[in-house]
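Residue-level listing of the chains:
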Amino acid sequence: MSQLADQLLTWFDVHGRTNLPWQIGDKDKVDVYHIWLSEVMLQQTQVSTVIDYFNRFLHHFPTLSNLANAPEDAVLAQWAGLGYYARARNLHKTAKIITHDYQGCFPQKLEQILALPGIGRSTAGAILALGFNQKQSILDGNVKRVLSRTHQVKGHYAQSSTLKELWRLAESHTPNIRTDHYTQAIMDLGATICTRTNPSCSLCPISNICKSSAAQTQLDYPNPKPKKIKPSRSVAMLVFVKNSQVYLQKRPSQGIWGGLWSLVESEDTPVSITQSMHAFDPSATIIEQLPVFKHTFTHYHLHIRPVVISCPSSSAKFHLIDQVEVGMPKPVSKILSQISSLTHIGLNEQID
DNA sequence: GATCCGTGGCC
DNA sequence: TGGCCAAGGAT
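Residues numbered from 1 in each chain as written. Chains lettered and ligands numbered in written order. Predicted model: local features only at pLDDT ≥ 70, side-chain atom pairs only at ≥ 80, totals over all residues. Heavy atoms only, no water.

## Describing the environment of Phe106
Step number 1: Tracing the chain through its elements places Phe106 in the loop between α6 (86-101) and α7 (110-114).
Step number 2: Separated by 73 residues in the primary sequence, Phe106 and Tyr33 place their C-alpha atoms 7.7 Å from one another.
Step number 3: Apart from residues no more than four positions distant in its own chain, Phe106 is found in contact with Val32, Trp36, Leu64, Ile98, Ile113, Leu116, Ile119, Ile127 and Phe132. (Helix = DSSP H or I, 4+ residues; strand = E, 2+ residues; numbered from the N terminus. Contact = heavy atoms within 4.5 Å.)

## Things to note about the protein's contact with DNA strand C
Step number 1: Around DNA strand C there are 25 residues in total, and Leu42, Thr123, Asp140, Gly141 and Lys227 lie nearest to it.
Step number 2: Atoms of DNA strand C within 4 Å of the protein: sugar and phosphate make up 62%, bases the balance.
Step number 3: Between DNA strand C and Thr123, the relevant distance is 2.6 Å, taken from a phosphate oxygen to a side-chain nitrogen or oxygen of the residue.
Step number 4: Put simply, the parts of the chain that give the surface near DNA strand C at least two residues each are α8 (121-132), α9 (141-150) and α11 (179-192).
Step number 5: Tallied by class, residues from the surface near DNA strand C come to 8 nonpolar, 10 polar and 7 charged. (Near = heavy atom within 4 Å. Polar contact = N/O pair within 3.5 Å; in protein donor to acceptor, adjacent residues only side chain to side chain. Nonpolar A, V, L, I, M, F, W, Y, C, P; charged D, E, K, R; others polar.)

## Thoughts on the packing of aromatic side chains
Step number 1: Per the stated rule, a full pass over the model turns up 11 aromatic pairs.
Step number 2: Seen from their ring centres, Trp36 and Phe106 are 5.5 Å apart, and the 65° between their planes marks the pair as edge-to-face. In this pair, Trp36 is assigned in helix α2 (residues 32-41) and Phe106 in the loop between α6 and α7, connecting sequence segments 70 residues apart.
Step number 3: According to the relative accessible area criterion, Trp36 is buried, its value standing at 1%.
Step number 4: Taken together, Phe240, Tyr247, Phe280 and Phe318 form an aromatic cluster joined through their ring pairs.
Step number 5: Positioned above the aromatic ring of Phe293 is the side chain of Lys334, whose terminal nitrogen or guanidinium carbon lies 4.2 Å from the ring centre. (Phe/Tyr/Trp six-rings, centres within 6.5 Å; stacked < 30°, edge-to-face > 60°. Buried < 20%, exposed > 50% of the residue type's maximum accessible area, 1.4 Å probe, protein only. Lys NZ or Arg CZ within 6 Å of the ring centre and 35° of its normal.)

## As for the packing of α2 against α6
Step number 1: Interhelical geometry of α2 versus α6 gives an angle of 160° and a closest axis separation of 10 Å. Between α2 and α6, the angle is such that the two are roughly antiparallel. Classified by chirality, the crossing of α6 by α2 is right-handed. Two secondary-structure elements touch here, α2 through Trp36, Leu37, Val40 and Met41 and α6 through Arg87, Leu91, Thr94 and Ala95.
Step number 2: By residue class, the composition of the contact of α2 with α6 is 6 nonpolar, 1 polar and 1 charged. (Axes fitted to C-alpha atoms, helices over the stretch in contact; angles between N-to-C directions. Parallel < 35°, antiparallel > 145°, perpendicular 65-115°, else oblique. Left-handed = near helix turned anticlockwise from the far one by under 90°.)

## Observations regarding the confidence of the model for chain A
Step number 1: Mean pLDDT over chain A stands at 92; residues scoring 70 or higher make up 95%.
Step number 2: Segment residues 348-352: pLDDT under 50, and 7 contacts once partners within four positions in sequence are set aside and those in other chains are kept. (pLDDT = per-residue confidence, 0-100.)

## Some words on the nonpolar core
Soluble globular proteins: nonpolar side chains tend toward being buried together.
Step number 1: Grouped together as the largest cluster of nonpolar side chains are 58 residues, with contacts concentrated most on Trp36, Met41, Phe57, Leu67, Trp79 and Phe106.
Step number 2: With 6 residues, α2 is the largest single contributor of residues to this core.
Step number 3: Membership of the second largest hydrophobic core comes to 28 residues, among which are Val153, Ala185, Leu189 and Cys194. (Core = buried A, V, L, I, M, F, W, Y, C linked by side-chain atoms within 4.5 Å.)

## Topic: the protein's contact with DNA strand B
Step number 1: As a matter of local geometry, DNA strand B sits amid 20 residues, with Tyr85, Ser160, Lys228, Trp257 and Thr298 nearest to it.
Step number 2: Protein-proximal atoms of DNA strand B, defined as those within 4 Å of the protein, fall in sugar or phosphate at a share of 66%.
Step number 3: With respect to DNA strand B, the backbone of Gln44 contributes an N or O atom lying 3.1 Å from a base nitrogen.
Step number 4: Taken together, the residues of the surface near DNA strand B break down into 8 nonpolar, 10 polar and 2 charged.

## Brief notes about the state of the cysteines
Step number 1: Under the defined criterion, the tally for this structure stands at 0 disulfides.
Step number 2: Not engaged in a disulfide, the cysteine Cys204 finds its nearest cysteine sulfur in Cys194; these two sulfurs lie 6.3 Å apart.
Step number 3: Assessed through its relative accessible area of 16%, Cys204 is described here as buried.
Step number 4: Between Cys210, a cysteine without a disulfide, and Cys201, which holds the nearest cysteine sulfur, the sulfur-to-sulfur distance is 6.5 Å.
Step number 5: Classification of Cys210 by relative accessible area gives buried; the value is 11%. (Disulfide = S-S within 2.5 Å.)

## Regarding the packing of α2 against α8
Step number 1: At their nearest, the axes of α2 and α8 sit 9 Å apart, and the two run at 150° to each other. Viewed along their axes, α2 and α8 form a crossing whose handedness is right-handed. The residues of α8 that touch α2, namely those facing Val32, Ile35, Trp36 and Glu39, are Thr123, Ala126, Ile127, Leu130, Gly131 and Phe132.
Step number 2: In the contact of α2 with α8, the residues fall into 7 nonpolar, 2 polar and 1 charged.

## Things to note about helix α1 (residues 3-15)
Step number 1: The end-to-end C-alpha distance of α1 is 18 Å, a good match for the 18 Å that 13 residues give at a rise of 1.5 Å each.
Step number 2: Where α1 is buried, its residues touch α9, α10 (160-173) and α11. (Expected span 1.5 Å × (residues − 1).)

## As for empty space enclosed by the protein
Step number 1: Tallied over the full model, the rule gives 2 cavities of 30 Å³ or more.
Step number 2: Of the pockets and cavities examined, the largest cavity occupies roughly 120 Å³.
Step number 3: Looking at the lining of the largest cavity element by element, the count peaks at 3 residues for α9.
Step number 4: Class assignment for the residues of the lining of the largest cavity results in 9 nonpolar, 5 polar and 1 charged.
Step number 5: Lining the second largest cavity, in full, are Gln136, Ser137, Ile138, Val143, Leu147, Ala170, Thr174, Tyr182, Thr183 and Ile186.
Step number 6: Only α9 and α11 provide two or more residues apiece to the lining of the second largest cavity.
Step number 7: Top element by residues in the lining of the second largest cavity is α11. It accounts for 3 residues.
Step number 8: Across the lining of the second largest cavity, the residue classes break down as 6 nonpolar, 4 polar and no charged. (1 Å grid on protein atoms, 1.4 Å probe; cavity = no way out; pocket = protein on both sides within 12 Å on 5 of 7 lines; lining within 4 Å. Points joined across faces, edges and corners; volume = space filled by probe spheres on them.)

What follows is the structure, given as structure tokens:
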């Protein structure tokens, strides 16, 4: 066993996290469904954010079979607000595949798991290591940070040569025994000791073999990615209102907010807004313009102008604001919560 | 290899 | 305030 793994396992026995929701299973045995769900939720998402979503999701879909048989809208509704919605759609697809192709039992071979939608190399390794104690490696953000510091790996993560070297190191350190504990341990170290800013090297169990610690260059690793300017876009969101209800439409599965229900969008110009609202309902009239606000994605800023529009003669299908059982993007639910508080357009009045 | 894909917390 | 990025994967 590598010295790093040995010292990490010793540290884990005292300082490792053991109370995360997905670490607790019946009969002291983890549930692979829970491990898989947590790993997908944790992709590019911090533990503190995931915990509430994880518990609520499991409450709605207690078993993999429940998930497979649920409507996609119900799954997306539980994912709403968590972001990266392809994860939810792929999770649902994979649940169906496991139900139909694997008799409901999670496959235990790397090639089988890698073939499932939404599961890449690192998530596959995590499922096998944490769920089945197989000797498989992971390379998530924590492991990348720990290993790039320990071994002073040059280059940023987007470079394939850097990833290749980090994967080589990750596999070289993965022990034959207690792979489950080691996998949890190196993630715990990255999350609690070897943090991105202000790492606690004095408390680190592997500082004696860490090249960055010896050279006092911890903050130089991982090397930062060259930064890019985020472009800005503008859009008007049309809130069509009728009898205390709003109009929502399901977005295509491809692209931003795929599969979620959102407002009608228009180019943010008076002419375009007018055209769009009259195309929806010739008798539509603007009730109110709410303040423009900014929503920032990973790769661009979006300036949103909500326009509240009355369309009493529309025959489209509307939704009761407080009874939307589908997934909505964060800015849309934000707009609807503002609408709900507007007393002067009658939305807070109950109707029959 | 580069880009797309969400959101929230941190400093 | 705003840039940064977190238990990545798909194309």
